[in-house]
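Observations on the model geometry
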Amino acid sequence: MDTGILLESGTNELEILEFTVGGNSYGINVAKVREILPYQVPTPVPNSDPRVEGIFMPRDEILSIIDLAVVMNLPKKADTAGDMYIVTGFNGLHTAFHVHGVAGIHRISWKEILKPDSTVNSGDNSMATGIVKIDGKLIIILDFEEIVAGINPETGLKASSVDHLAGRKRNDTPILIAEDSILLSKMIVNCLSEAGYVNVTATNNGQECWDRLCDYYKSGNLDEKVSCVITDIEMPQMDGHHLTKLIKESDQFCHIPVVIFSSLINEEMRRKGESLGADAQLSKPEIGQLVAALDNLIGVTDHQ
């Protein structure tokens with residue numbers, strides 16, 4: 001599947017692949033999709049998680065198959081006619097998801113995506129990252145990283161990678177974060193604090209982060225409030241790439257280093273981030289590398 005259509009645009013847009021499970025419509029960012037394959041009977045794996053349907057080998061790579069109907073406690077179809085595998089790539093992993101059908105691709109703006117409230121997402125068990133209305137139909141965008149991490153926690157944020165940094169000298173350099181996941185935002189703030197970075201302000205998306213930067217500039221205390229921005233890519237209202245573009249094309253903010261910290265970092269996304277002026281780009285599980293990048297950008301030499 002060609003996902004390069006948006007790579008050079010910087011327009012705060014994305015493409016959503018709509019698919020169905022149990023008669024309901026769901027979505028995934030096309031940037032996470034490697035390919036779509038017809039369903040084939042998988043090879044079961046003994047003693048595996050019940051959400052893992054099995055494995056298959058479409059070419060020279062063995063892929064685990066996650067059954068989304070089981071994940072979401074939805075009814076399974078009586079037959080597999082029309083079923084598909086959505087093969088994804090994020091956090092350096094390739095995984096196949098069993099769905100009941102693929103409806104098509106929609107190009108939309110991040111501003112059209114609404115953040116689910118607490119009645120839809122409950123605490124750490126959230127499975128929806130956004131909701132969008134297309135042609136009168138509500139499509140729930142699923143949190144595929146959270147689904148995979150729920151099955152194998154080792155694929156999630158590696159907080160243990162900063163354990164060896166405990167006891168470092170306190171650093172009051174102000175850092176501004178744009179991250180829409182409340183859980184991940186807290187984990188990032190806690191991990192940075194463990195590594196000595198204690199002056200961290202979190203915002204919920206790129207738009208909120210941009211508004212905060214503008215408020216600081218209008219108040220005349222921008223450099224006292226922000227010395228570095230860390231941003232996710234996928235966020236409602238404004239994505240991290242558009243935020244990076246706004247910062248780097250602005251005379252007022254272009255001196256502020258921007259670190260993109262996302263599960264979507266691959267060769268194509270890295271090229272786009274570089275074209276937008278990102279100072280560093282890191283895959284989300286490796287928070288230890290995030291600390292190293294901050295040390296380099298902020299100029300920390302004495303770690304103790």
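Keep in mind that this is a model prediction, so the values were computed, not measured.

It is worth spelling out the overall build of the chain at this point. The number of helices and strands found in the chain is 8 helices and 15 strands. Buried positions account for 52% of the 304 residues belonging to the chain. Pairs at least 24 apart in sequence give 66% of the contacts found in the chain among residues at least 6 apart. With an accessible surface of roughly 14000 Å², the chain has 49% of that area assigned to carbon and sulfur atoms.

Overall, the predicted model of the chain reaches an average pLDDT of 88, with 89% of residues at or above 70. Looking at the elements of the chain, mean pLDDT is at its lowest for helix H3 (residues 182-194), recorded as 88, and at its highest for strand S11 (residues 175-178), recorded as 98.

This part covers the sheet that holds strand S14 (residues 258-262). Across the sheet, which stays open at both edges, the 5 strands sit in the order S12-S11-S13-S14-S15 with parallel pairing between neighbours. Either end of the sheet is taken by a strand with one partner, and the two such strands are strand S12 (200-203) and strand S15 (280-283). Across the sheet, the mean angle from the axis of one strand to that of its neighbour is 20°, orientation sign disregarded. Across the face of the sheet, H3 comes into contact with S11, S12, strand S13 (228-231) and S14 while running at roughly 170° to S12.

Let us look at helix H4 (residues 206-219). For H4, spanning 14 residues, the distance from its first C-alpha to its last is 20 Å, which sits close to the expected 20 Å at 1.5 Å a residue. Taken together, the buried positions of H4 are occupied by Gly206, Gln207, Cys209, Trp210, Leu213, Cys214 and Tyr216. Gly220, located one to two residues past H4, shows a positive phi value of around 80°.

Ordered by their spatial adjacency, 5 strands build an open sheet running S8-S1-S2-S10-S9, and the pairing between neighbours is mixed. Edge positions in the sheet fall to strand S8 (101-109) and strand S9 (128-134), since each of these pairs with one other strand and no more. The sheet shows a mean angle of 35° between the axes of neighbouring strands, direction not considered. Looking at chain direction, S9 and strand S10 (residues 137-142) are connected through 6 bridges and run antiparallel. Note on S10: the bridge partner recorded for Ala128 is Leu142.

Moving on, we get to the packing of H4 against helix H6 (residues 240-248). In contact at an axis separation of 9 Å, H4 and H6 are set at 20° when each is read in the N-to-C sense. Considering the angle they form, H4 stands roughly parallel to H6. The way H4 lies across H6 gives a crossing that is right-handed. Mapping the contact onto sequence places Gly206, Cys209, Trp210 and Leu213 in H4 and Leu243, Leu246 and Ile247 in H6. Here the residues of the contact of H4 with H6 sort into 6 nonpolar, 1 polar and no charged.

Following the sequence through the fold, Lys32 ends up in the loop between strand S2 (24-29) and strand S3 (33-38). Here Glu145 takes part through its side chain, which lies 2.8 Å from a polar atom of the side chain of Lys32. One polar contact links Lys32 to Glu234, side chain to side chain, over a distance of 2.7 Å. Ignoring sequence-local partners within four residues, the contact set of Lys32 consists of Val87, Thr88, Gly89, Phe90, Glu145, Glu234 and Leu264.

One can find Glu61 in the loop between strand S4 (52-56) and strand S5 (63-67). The exposure class of Glu61 is partly exposed, given its relative accessible area of 27%. Each C-alpha atom, one on Glu61 and one on His94, is 9.2 Å from the other, the two residues being 33 residues apart in sequence. The residues touching Glu61, leaving out its near neighbours within four places in the chain, are Arg34, Phe56 and His94. Side chain to side chain, Glu61 and Arg34 meet in a polar contact 3.1 Å long. At 2.9 Å, the side chain of Glu61 and the side chain of His94 are in polar contact.

What follows deals with the packing of aromatic side chains. Going through the model one piece at a time under the given rule, you end up with 7 aromatic pairs. Ring geometry for Phe56 against Tyr85: centres 4.7 Å apart, planes inclined by 50°, an arrangement best described as tilted. Here the residue Phe56 occupies a position in strand S4, and Tyr85 occupies one in strand S6 (residues 84-90), the gap between them amounting to 29 residues. The class of Tyr85 is buried, set by a relative accessible area of 0%. A centroid spacing of 5.8 Å and a plane angle of 75° characterise the contact between Tyr217 and Phe253, whose relative ring orientation is edge-to-face. Within this pair, whereas Tyr217 is found in helix H4, its partner Phe253 is found in the loop between H6 and S14, the two being separated by 36 residues in sequence.

Cut-offs used in this document
- Residues numbered from 1 in each chain as written.
- Predicted model: local features only at pLDDT ≥ 70, side-chain atom pairs only at ≥ 80, totals over all residues.
- Heavy atoms only, no water.
- Helix = DSSP H or I, 4+ residues; strand = E, 2+ residues; numbered from the N terminus.
- Buried < 20%, exposed > 50% of the residue type's maximum accessible area, 1.4 Å probe, protein only.
- Contact = heavy atoms within 4.5 Å.
- Areas by Shrake-Rupley, 256 points an atom, 1.4 Å probe, with all protein chains shown as cover.
- pLDDT = per-residue confidence, 0-100.
- Pairing = 2+ DSSP bridges.
- Axes fitted to C-alpha atoms, helices over the stretch in contact; angles between N-to-C directions.
- Expected span 1.5 Å × (residues − 1).
- Parallel < 35°, antiparallel > 145°, perpendicular 65-115°, else oblique.
- Left-handed = near helix turned anticlockwise from the far one by under 90°.
- Nonpolar A, V, L, I, M, F, W, Y, C, P; charged D, E, K, R; others polar.
- Polar contact = N/O pair within 3.5 Å; in protein donor to acceptor, adjacent residues only side chain to side chain.
- Phe/Tyr/Trp six-rings, centres within 6.5 Å; stacked < 30°, edge-to-face > 60°.

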